[in-house]
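Now for the letters of each chain:
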Amino acid sequence: MSAKVIDGKAFAAKVREQVAEHVQTLTSKHGVKPGLAVVLVGEDPASQVYVRNKGKQTVEVGMNSFEHRLPADTSEETLIGLVRQLNESPDVHGILVQLPLPSHLDSDLVINTIAPEKDVDGFHISNVGLLGTGQKSMAPCTPLGCLMMLREELGSLSGLNAVVLGRSNIVGKPMAQLLLRDSCTVTIAHSRTKDIEAVSAAADIVVAAVGRPEMVKANWIKPGATVIDVGINRVDAPELGTKEDGSPKTRIVGDVAYDEVAKVAGAITPVPGGVGPMTIACLLANTLTAYCRANDLPEPTGLTA
Ligand code: GUN
């Protein structure tokens, strides 16, 4: 049996379309467009690509995009001053500070300066606490995207055994909270988990977010299980030839050994083209949600946790 491939690219396009429709209706009624501010400190190439994509897609769904690019040696005081200014701005409904920040800046301090209602990443300690206690919060974009794909694929998740591989604050922990809210029986497994293969192989749902290329093998997966691969790992691919400097070309792989797992799983997300595109789509969905909450409007259905 070969797993169904969950097309995250197509699903993300559908989510963006829904967001765009809401934005058009709301903007024509209320005049003010939803606005997303993205702050990038330094010149990390991967972050620059993310930020460019975010800005482009924000404008494509009809929102205002505000980009703030600051030099790598920006002081904490300056960055916090900018965040406070964005907190006060009536045109800004969502704020995202691109991570990682240069090492001289305290990420927790900066993130916790963002007004919780504008924290579209869901990283502010208030949103983490609200999510953990089942209250209305802002869910982090990557886990939210995974949840949307799981609901689309499986319908109700109630009673299913879900294993989250990885315990990061950005993916593993909030993913577990979201699955628990949808009444899954949730296990978080990590690098110290004993017999992790067997733990994983008991699951109906496996979400892999460990940051290790192709770690999850076929024997980690129960036949028919749904596998969501959050990993984005660049590995050498000598089979593709060499670059100009003689070093091997590279390719992107997930945390799941796709070819072998796809023979066992019921459904699986590919890398690239699975979870990745959903993250920015969910960022736009969260910005729309923040706009609706700020204006006492009903929240869009199907676009929140
Ligand atoms: N860096 C990589 N992914 C993300 C994300 O989802 N949010 C933020 N703020 N930084 C990131």
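Note that the structure is a prediction, hence the values are computed from the model and not measured. (Residues numbered from 1 in each chain as written. Predicted model: local features only at pLDDT ≥ 70, side-chain atom pairs only at ≥ 80, totals over all residues. Heavy atoms only, no water.)

Asks: So what about helix 10 (residues 275–294)? Which residues, and what values?
Replies: The end-to-end C-alpha separation of helix 10 is 28 Å, in line with the 28 Å expected for 20 residues at 1.5 Å each. Extensive coverage of helix 10 is indicated by the burial of 15 of its 20 residues. D296 lies just past helix 10 and shows a positive phi near 55°. (Helix = DSSP H or I, 4+ residues; strand = E, 2+ residues; numbered from the N terminus. Expected span 1.5 Å × (residues − 1). Buried < 20%, exposed > 50% of the residue type's maximum accessible area, 1.4 Å probe, protein only.)

Asks: Explain the pattern of salt bridges to me, and be specific about the residues and the numbers.
Replies: Applying the stated criterion to the full structure yields 9 salt bridges. The residue E67 makes a salt bridge to R69 at a minimum N-O spacing of 3.1 Å. Residue R69 is classed as partly exposed on the basis of its relative accessible area, which comes to 43%. A salt bridge links R251 to E239, with the shortest nitrogen-to-oxygen separation between them at 3.2 Å. Of this pair, R251 sits in strand 10 (residues 250–253) while E239 is found in the loop between strand 9 (233–236) and strand 10, placing the two residues 12 residues apart along the sequence. Within the structure, one salt-bridge network assembled from shared partners comprises K136, R293 and E299. (Salt bridge = Lys/Arg side-chain N within 4 Å of Asp/Glu carboxyl O.)

Asks: I'd like a rundown of helix 2 (residues 45–60), residues and numbers included.
Replies: With 16 residues, helix 2 extends 23 Å between its outermost C-alpha atoms, agreeing within 8% with the 22 Å of an ideal straight helix rising 1.5 Å per residue. Packing partners of the buried residues in helix 2 comprise helix 1 (8–30), strand 2 (35–41), strand 3 (64–70), strand 4 (94–97) and helix 10. Looking one or two residues past helix 2, G62 carries a phi angle of roughly 90°, positive in sign. (Contact = heavy atoms within 4.5 Å.)

Asks: Quick rundown of the environment of S156? Include the residues and the values.
Replies: If you trace the backbone, S156 turns up in the loop between helix 6 (141–154) and strand 5 (161–165). Among the residues examined, S156 registers a relative accessible area of 55% and is labelled exposed. S156 sits 50 residues away from V206 along the chain, and the two C-alpha atoms are 16 Å apart.

Asks: Which residues make up the sheet that holds strand 4, and what values go with them?
Replies: Spatial strand order, 3-2-4: 3 strands in an open sheet with parallel pairing. The open sheet has two edge strands, strand 3 and strand 4, and neither has a second partner. Mean inter-strand twist for the sheet, computed between neighbouring axes without regard to direction, equals 15°. Note: strand 2 against strand 3, 7 bridges, orientation parallel. (Pairing = 2+ DSSP bridges. Axes fitted to C-alpha atoms, helices over the stretch in contact; angles between N-to-C directions.)

Asks: Lay out the side chain of T74 with the relevant residues and their values.
Replies: With respect to the helices and strands, T74 occurs in the loop between strand 3 and helix 3 (76–88). T74 gets classed as buried once you look at its relative accessible area, which sits at 6%. Ignoring sequence-local partners within four residues, the contact set of T74 consists of V41, L79, H104 and L105.

Asks: Can you break down the sheet that holds strand 5 residue by residue, with the values?
Replies: Sheet strands associate in pairs through backbone hydrogen bonding, adopting either a parallel or an antiparallel arrangement. Spatially, 1-11-8-7-5-6 is the arrangement adopted by the 6 strands of the open sheet, whose pairing is parallel. The open sheet has two edge strands with one neighbour each: strand 1 (4–5) and strand 6 (185–189). Contacts between helix 6 and the sheet are confined to strand 1, strand 7 (205–208), strand 8 (226–229) and strand 11 (267–268), with strand 8 contributing the most and set at about 160° to the helix.

Asks: So what's going on with the environment of S107? Residues and values would help.
Replies: On the secondary structure map, S107 appears in helix 4 (residues 107–111). By relative accessible area, which is 25% here, S107 ends up partly exposed. Along the chain, S107 and L283 lie 176 residues apart, while their C-alpha atoms are 19 Å from each other. Look past the residues within four positions of S107 in its chain and what remains in contact with it is L99 and L101.

Asks: Please set out the nonpolar core residue by residue, giving values where relevant.
Replies: Ranked by size, the top nonpolar core spans 53 residues in total, and within it V15, V19, M148, L179, V207, M278 and L288 carry the most contacts. Among the elements of the structure, helix 1, strand 2, helix 6, strand 5, helix 7 (172–181), strand 7 and helix 10 are those that each provide at least two residues to this core. Sorting elements by how many residues they give to this core places helix 10 first, with 11 residues. The residues touching M278, leaving out its near neighbours within four places in the chain, are G8, F11, A12, V15, G145, M148 and M149. (Core = buried A, V, L, I, M, F, W, Y, C linked by side-chain atoms within 4.5 Å.)

Asks: Could you give me a rundown of unusual backbone geometry, with the residues and numbers involved?
Replies: Negative phi characterises most residues that are not glycine, and trans characterises most peptide bonds. Of note, the amide linkage connecting L99 to P100 takes the cis form, showing an omega dihedral of 0°. Here the residue pair V271 and P272 is connected by a cis peptide bond, since its omega of -5° sits within 30 degrees of zero. On the secondary structure map, P272 appears in the loop between strand 11 and helix 10. One non-glycine residue with positive phi stands out, namely S183, at about 65°. You can see S183 is positioned in the loop between helix 7 and strand 6.

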